[in-house]
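# Residue-level structure breakdown
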Amino acid sequence: MGSEQSLLKGLEIEEKATEVSDFWSVFAGELKTDTRTSLLTIFQGESVISTNQFWDKKNPLEKAIKNLMLFRHPSILKYVSSWERGSTKYLATERCKPLSLLIKTQNSLEICLGLRNILNALIFLVEHGKTRHLNICFSSVYITHEGVWKLSGFEYLWPSAELTRPILELSLPNRYSNAVDKRELEHSGLGIEQYGFATLCKEIFELTSQEKSSPFHEDFQQYCTNHLQHTNPSLRPELSAVLLHPYFNHDFVLIHSFLSEVPLKDSAEKQQFFTDLVDKLRTFDETDVAIHLGDFLLSRLVLLDPTAQICVTPFVLDPKCDDIVPGVFSTGTFVKFIIPKLKQVFCVHDVQIRLILLEHFHKFMSLFSEEDLTGLILPQLLLGIKDTNDILVSMTLRCLADLVAILGATVVVGKNRSRLFADGRPQRVPEAPMHHWGEPRSISPVIESAGQFSSHNMVIRDHRASFADISNENLLSERLSPDGGEAGELRDKDDDQWSDWDAENAKTPDPPAEADQDDGISAPTAQEDEIQRLDMRIMPKKKASVEEEVDFFKDMEPVIAKTQVLVIGEEVAKSGASQVSRLQANLSENATEEGWDESDWE
């Protein structure tokens, strides 16, 4: 039909009608604006005056529009707009479908909640609004896009004080005959709503006979026949009394009722209710909880309640990946039912609501599709960093940082990036296992047991992987024993003892520190210089006193006794003395600079 048929800018109406009645045709419509798309239902009827005097020379659709504008209730079909074009009258309401089209798809829990909604609407109209709804039947009930039952049929609404027998007689030709008590006129319409509601319940139970798992189902069916349709209308219970029947008061229904009436509860009632709510929700099917309670759990009044923020919201916004995570909804249910609601909540520009979403954002952000993240969530987060609230900006930046792992930095912060930081790690990364940081192992246990390795040598040995590129020419060779045999035996013995360790970490052994013969201080080695260049902390070496130092070669030092010579003459004595001096000098020089040479012992 196009938007030219409507006074609502951006309204599009489908051409195929979803329902056709005696007074109007029903079409699905969409109202598109710059920020959102609203789903509507359009009732279209001719503006001709009905010949039935019941409508007092008015069109039935016109009377329905007037009453829907006047009476507003959560269980009554929501009025959006109305207009007239030519001889055609239009009524726009929230998106809905007739109950007759969807009744076969409703389970027992949905039927119970639906009938309770209709009963609440009747209580509001009859007991509080002082009006009479004369046509409770299938055609007066609609189911919204969210699955909520709503009462309509307001073309039959009539003030209680003005309802007379002639009015009832005028209404009979257009009302649903099965919901009309045969003795209705005799009692001036007393108990009409009770009788019609009982008829509606019984017909629904017959159409869904396989769905009888709801508690107190059969008992309520008998209650409808024996009490709500009692032959004496004065003995029929008040509508508010029907609401007290156990069929409408099992646990799930009570939770649904409390959440829908949160504004009417005091602080003590809400604190007690929200403290135990999560444990109760886990006893029900999570799909039913998501469908029927999801909107309430993510409503403004629940999100801002202090008790709910501690006891409810963290578990609702945390998808249950396994049995360990104490969430209410599994991942599949969360994606199907909760994510669409969160997308709507993210568009609410309320500081407290946004802070709650940001606090738990890391728990569910990966469940959004990439299209939702880039098209909706990311723009909303970027809008948040421009706010004057420092806490909001800080938490928003944390969430943007989490998004980098999913969308990439280019998407989150933009394309204008360049390499500003270099990788300063060493080129060769140690490949030794982590256990080499443990107790240091020496390839010279004998020398180490004597206390010859200083803390400096141990640090170098533990970090030998960092100095792998030091040239072997800078390392001092171990000294051999004077006879050339003991050192070899020690090395072979040590190799056998640590063969598995040496195979794993084949590194050049650290040489023992050489003591300076003059002052007892070790000369700096090539490893020390390299460590200083790498800016590593080296433990200072303690000066060892000459008296405490152990000399392993003391027992091997040759004892050269002065040769006893017989001095025959002055020249011979001088010659012998000079030869002995040269021999001692050579021996001392060799022992100090080069070590013992095996040739000196031959």
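Just so it is clear, the structure is predicted and the values come from calculations on it, not from any experiment.

What follows deals with the sheet that holds strand β10 (residues 149-151). In spatial order, the strands read β7-β9-β10; together these 3 strands make up an open sheet with antiparallel pairing. Two strands in the sheet have a free side with no partner beyond their single neighbour: β7 (96-98) and β10. Averaged over all adjacent pairs, the angle separating strand axes in this sheet is 40°, with direction ignored. As paired elements, β7 and strand β9 (residues 141-144) share 3 bridges and run antiparallel to each other. Its bridge partner lying in β9, C96 is registered against T144. Relative to the sheet, helix α3 (residues 108-128) contacts β9 and β10, its axis offset from that of β10 by approximately 25°.

On to α3, then. Here α3 is 21 residues long and its end C-alpha atoms lie 29 Å apart, about the 30 Å a rise of 1.5 Å per residue gives. The buried fraction of α3 is high, at 18 of 21 residues. At the N-terminal end of α3, a side-chain oxygen is found 3.2 Å from the backbone nitrogen of L109, two or three residues along, and the residue is N107. Once α3 ends, the next one or two residues include K130, with phi positive near 55°.

A contiguous nonpolar patch, built from L382, I385 and L397 and spanning about 220 Å² of accessible area, is present on the exposed surface. Counting through the fold element by element, L397 comes out in helix α18 (residues 390-407).

With that settled, the discussion passes to the environment of E127. Along the chain, the position of E127 falls in helix α3. Residues E127 and S240 lie 113 residues apart in sequence; the distance between their C-alpha atoms is 8.3 Å. Residues contacting E127, with those up to four places away along its chain left out, are L122, E238, L239 and S240.

Moving on: helix α8 (residues 251-260). With respect to burial, α8 is a largely interior element, 7 of its 10 residues being buried. Among all positions in α8, only F252, V253, I255, H256, S257, F258 and L259 are buried. In this fold, the buried residues of α8 make contact with α3, α9 (267-281), α10 (286-297) and α11 (300-303).

Residues L115, W149, F197, F220, L297 and L342 are the most contacted members of the largest nonpolar core, which totals 103 residues. Take this core: its biggest share by element is 12 residues, from α3. Aside from chain neighbours lying at most four places away, what touches F220 is F197, C201, F205, V242, H245, Y247 and F248. In terms of nonpolar packing, the next biggest core, distinct from the first, is built from 10 residues, L8, L40, W83 and A92 among them.

Our next topic: the packing of α3 against α8. Running from amino to carboxyl end, α3 crosses α8 at an angle of 45°, the nearest separation of the two axes being 11 Å. Relative to α8, the element α3 lies oblique. Between α3 and α8 the crossing geometry is right-handed. Two secondary-structure elements touch here, α3 through L109, C112, L113 and R116 and α8 through F252, V253, H256 and S257. Residues of the contact of α3 with α8, tallied by class, amount to 5 nonpolar, 2 polar and 1 charged.

Let us look at the side chain of S81. Along the chain, S81 falls in strand β5 (residues 79-85). Residue S81 is classed as buried on the basis of its relative accessible area, which comes to 14%. Here S81 is in contact with L8, Y90, L91 and A92, once residues within four sequence places are set aside.

Remark: α3 packs on helix α5 (residues 192-207), axes separated minimally by 12 Å, with the N-to-C direction vectors making an angle of 170°. Classified by the angle their axes make, α3 and α5 are roughly antiparallel. Between α3 and α5, the contacting residues are I111, L115, I118, L119, L122 and V126 on the first element and E193, F197, L200, C201, I204 and F205 on the second. In the contact of α3 with α5, the residues fall into 11 nonpolar, no polar and 1 charged.

Within the secondary structure, E155 is located in the loop between β10 and β11 (157-159). As a buried residue without a salt bridge, E155 has its nearest oppositely charged side chain in K63, at a separation of 9.2 Å. Once residues within four sequence positions are removed from consideration, E155 is found in contact with W24, F54, W55, P60, K63 and A64.

Applying the stated criterion to the full structure yields 14 salt bridges. Its salt-bridge partner being R282, residue D279 comes within 3.3 Å of it at the nearest N-O pair. The salt bridge involving R425 is made with D423; its shortest N-O contact spans 2.7 Å.

With respect to the element layout, G29 can be found in strand β3 (residues 25-32). On the basis of relative accessible area, G29 is assigned to the buried category, the value being 1%. When the C-alpha atoms of G29 and T93 are compared, they prove to be 9.7 Å apart, with 64 residues separating the residues in sequence. The contacts of G29, once residues within four sequence positions are left out, are E12, I13, S38, L39, L40 and R95.

Cut-offs and rules
- Residues numbered from 1 in each chain as written.
- Predicted model: local features only at pLDDT ≥ 70, side-chain atom pairs only at ≥ 80, totals over all residues.
- Heavy atoms only, no water.
- Pairing = 2+ DSSP bridges.
- Helix = DSSP H or I, 4+ residues; strand = E, 2+ residues; numbered from the N terminus.
- Axes fitted to C-alpha atoms, helices over the stretch in contact; angles between N-to-C directions.
- Contact = heavy atoms within 4.5 Å.
- Expected span 1.5 Å × (residues − 1).
- Buried < 20%, exposed > 50% of the residue type's maximum accessible area, 1.4 Å probe, protein only.
- Polar contact = N/O pair within 3.5 Å; in protein donor to acceptor, adjacent residues only side chain to side chain.
- Patch = residues over 30% accessible without salt bridge, like charges linked within 9 Å, V, L, I, M, F, W, Y side chains within 5 Å.
- Areas by Shrake-Rupley, 256 points an atom, 1.4 Å probe, with all protein chains shown as cover.
- Salt bridge = Lys/Arg side-chain N within 4 Å of Asp/Glu carboxyl O.
- Core = buried A, V, L, I, M, F, W, Y, C linked by side-chain atoms within 4.5 Å.
- Parallel < 35°, antiparallel > 145°, perpendicular 65-115°, else oblique.
- Left-handed = near helix turned anticlockwise from the far one by under 90°.
- Nonpolar A, V, L, I, M, F, W, Y, C, P; charged D, E, K, R; others polar.
- Lys, Arg positive; Asp, Glu negative; His and termini not counted.

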